[in-house]
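# Descriptive structure summary
Read off the chains here:
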Amino acid sequence: MIQFNDTDLKTFLNEFWQKKPLVIRNALPDFESPVSAEELGGLSLEEEVESRIVIQNGEQDYQLLKGPFTEETYEGLPDSNWTLLIQGMDRLVPEVTDVLNDFDFLPRWRIDDIMISYATKGGNVGPHFDHYDVFLLQAAGKRQWTLTSQDCSEDNYIQGVDLRLMETFKIEDDFVFEKGDILYIPPKWGHHGVALDDECMTYSIGYRTYRGQELWDSFGDHLSEMGSFKDLYMDPTWTEDLNPGEITDATSERAQTLLKSILDDKNLMKTWFGRFATQLDPVAAQQLPEPLTEDETPDIEDFMGAMQVETGLIKDPVCRFAYSEVNGNTLLYINGAIWDTFGASNAFMAKLANQSYLTQDELLLSGDNEGNIKLLFDLWKLQYLVFIE
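The structure contained in this document is the topic of the report that follows.

Quick notes on the rules
Residues numbered from 1 in each chain as written. Predicted model: local features only at pLDDT ≥ 70, side-chain atom pairs only at ≥ 80, totals over all residues. Heavy atoms only, no water. Pairing = 2+ DSSP bridges. Helix = DSSP H or I, 4+ residues; strand = E, 2+ residues; numbered from the N terminus. Axes fitted to C-alpha atoms, helices over the stretch in contact; angles between N-to-C directions. Contact = heavy atoms within 4.5 Å. Core = buried A, V, L, I, M, F, W, Y, C linked by side-chain atoms within 4.5 Å. Buried < 20%, exposed > 50% of the residue type's maximum accessible area, 1.4 Å probe, protein only.

It is worth spelling out the sheet that holds strand 6 (residues 134-140) at this point. If you walk across this open sheet you meet the 8 strands as 1-9-6-11-5-4-2-3, and the pairing is antiparallel. The two strands at the open ends of the sheet, each matched to only one other strand, are strand 1 (22-24) and strand 3 (61-66). Strand-to-strand twist of the sheet, defined as the mean angle between neighbouring strand axes without regard to direction, takes the value 20°. In terms of strand pairing, strand 1 meets strand 9 (residues 182-185) through 3 bridges, oriented antiparallel. Considered in strand 9, the bridge of Ile24 is made with Ile182.

Sheet architecture is open: 3 strands sit in the order 16-12-17, paired in antiparallel fashion. In the strand order of this sheet, the two ends are held by strand 16 (357-359) and strand 17 (385-387), each with one partner. On average, adjacent strands in this sheet sit at an angle of 20° to one another, irrespective of strand direction. Direction of pairing for strand 12 (residues 312-315) relative to strand 16: antiparallel, over a ladder of 3 bridges. Of the residues in strand 16, the one forming a bridge with Gly312 is Thr359. Along the sheet, helix 10 (residues 346-354) makes contact with strand 12, strand 16 and strand 17, crossing strand 16 at roughly 120°. On top of the sheet, helix 12 (residues 370-381) reaches strand 12, strand 16 and strand 17; it is set at about 90° to strand 17, its chief contact.

Turning to the nonpolar core, a few remarks are in order. Generally speaking, a soluble globular protein has its nonpolar side chains buried in company with each other. By size, the foremost hydrophobic cluster in this structure holds 42 residues, and its most contacted members are Phe135, Tyr203 and Ile205. Counting residues in each nonpolar core, the second largest holds 25 residues, with Cys319, Met349, Leu379 and Leu385 among its members.

Have a look at this one:
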């Protein structure tokens, strides 16, 4: 886990998370980036990788390029003032995925992805604010961060720029970050990071943001898929002198009461939110592993034999796991679906959701329950779990 040093985890969660920024010096003191700037450049040449380059040409003059790029793209870049950004690095490089283990003090299902940026001296993506929480880990080189809590609204965007940059940025705090330092930024806090050398690399550990409309639409879809909420709207008692064209308070209140009745169903809400929180975005869905073919799939007995000798099983980094307790039973959610648990034990499903991998000892202990093995076999056939190499 990251080292909070001048504060503690309880204070961070109570006083800073989603409230105000926090500078965490030497949070990961021995951190070494598992990918280099050259490797990031190589990834940006690939079609399936989401990459961008931001070039600053003037004070409020920014140019956005979208990948995939070519060798000629880099040959045409200026010597300074540009930034390369690669999204979803935790899905591409296992060693980057491991960085998430240092942030398990927050739910793993809240993670969106890890973006890695490399910048030449002066490189930046402009002053901006996000609608999500982010930890900014300085992985190499130095970067200057300036912060503001003012004018973080959409009417403060610079017009005519492809990026959503703040036109007015009143600096309230100013910090220089070195390798191992982390800056936590909550939603709607303006921040501007400028590379101070040609070695600047920053990891952005971003968390999902949920808008109310998105929640509402998803909940409606869940009700439809589950065939739930078929209760009928019932009229109020009509008065003798009603106006035939009027929607009265009593009618809208009847509709409100009906809707509220389903929103007050705690078990239904928990079941829906488990699906919602683990659903994949379109890019991630395309990155799911190919399941084993029928010819590639051995008998479950052979799978059990492999469990005896392999180091363990590890989750595919694209997949999202979570669980919840509903009426004394554990529900397992994977990639937006309520999963068939095959009678696996509640404790085992919780372990499966909580951990990024299962060791050989944990696999052998799980063998005491036939349902545990069937669940593992099902996920292995889909390659959502693979044997650790």
